[in-house]
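Coordinates in review
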Amino acid sequence: VLAIVAIYLVVRYVITKPVLHLKRVSDAIARGNLDMRADIRTGDEFEELSHAFNRMLRHLVTVQEELQQVNSNLDAKADELAHVNLQLYEMNNLKNEFLATMSHELRTPLNSILGFSEVLSDVPNLNDKQKRYVHNIQTSGKNLLALINDVLDLAKIESGK
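Being a predicted model, the structure only gives us computed values, none of them experimental. (Residues numbered from 1 in each chain as written. Predicted model: local features only at pLDDT ≥ 70, side-chain atom pairs only at ≥ 80, totals over all residues. Heavy atoms only, no water.)

**With respect to the pattern of salt bridges**
Across all of its chains, the model carries 1 salt bridge by this definition. Among the ionic pairs, Lys23 bridges to Asp27, the shortest N-O distance being 2.8 Å. Of this pair, Lys23 and Asp27 both sit in helix H1 (residues 2-30), 4 residues apart, which is roughly one turn of that helix. Judged by its relative accessible area of 46%, Lys23 falls in the partly exposed class. (Salt bridge = Lys/Arg side-chain N within 4 Å of Asp/Glu carboxyl O. Helix = DSSP H or I, 4+ residues; strand = E, 2+ residues; numbered from the N terminus. Buried < 20%, exposed > 50% of the residue type's maximum accessible area, 1.4 Å probe, protein only.)

Here's what the structure looks like:
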């Protein structure tokens, strides 16, 4: 009977108690309490196991802190990219507005030049040199008007109209 009681006490305090302690610590860690540590001082394999468990836990905490830092850096980069993207969008809108305004402002006087060159081409008493000059004005003006219309079309396409 004494031998059975002794075996029971040995099993209870040498084997079961350290295993239950490791289980309680691992359950607490599973619930999110990363401050828990296994503290077993039996001088045998259970103590070595608790040291290994604590090393693993310290490594887990270190990796978790590194991941939090990386996530924080990624959030900052995402915010920065969103800000830059917004600036690019605004600049693109300004460019499109400038192109449209500039093209309209150039087209108005150009239409006057083309209109007056048409009037000049109908004048009967122009010599050949003057007719060639009027023809050059009309040709260059029409080419410039085509380029301006192309720029306007491009601005419309970029703005989605």
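Back to the text.
**So, the environment of Tyr13**
For Tyr13, the position within the fold is in helix H1. You can call Tyr13 partly exposed: its relative accessible area is 49%. Counting along the chain gives 12 residues from Tyr13 to Val1, while the straight-line C-alpha distance between them is 18 Å.

**Structural notes on the packing of helix H2 (residues 45-121) against helix H3 (residues 128-159)**
Closest axis-to-axis distance for the H2/H3 pair is 8 Å, and the angle between their directions is 155°. By the angle between their axes, H2 is roughly antiparallel relative to H3. Judged by the twist between their axes, the crossing of H2 over H3 is left-handed. Its residues assigned to classes, the contact of H2 with H3 shows 16 nonpolar, 11 polar and 5 charged. (Axes fitted to C-alpha atoms, helices over the stretch in contact; angles between N-to-C directions. Parallel < 35°, antiparallel > 145°, perpendicular 65-115°, else oblique. Left-handed = near helix turned anticlockwise from the far one by under 90°. Nonpolar A, V, L, I, M, F, W, Y, C, P; charged D, E, K, R; others polar.)

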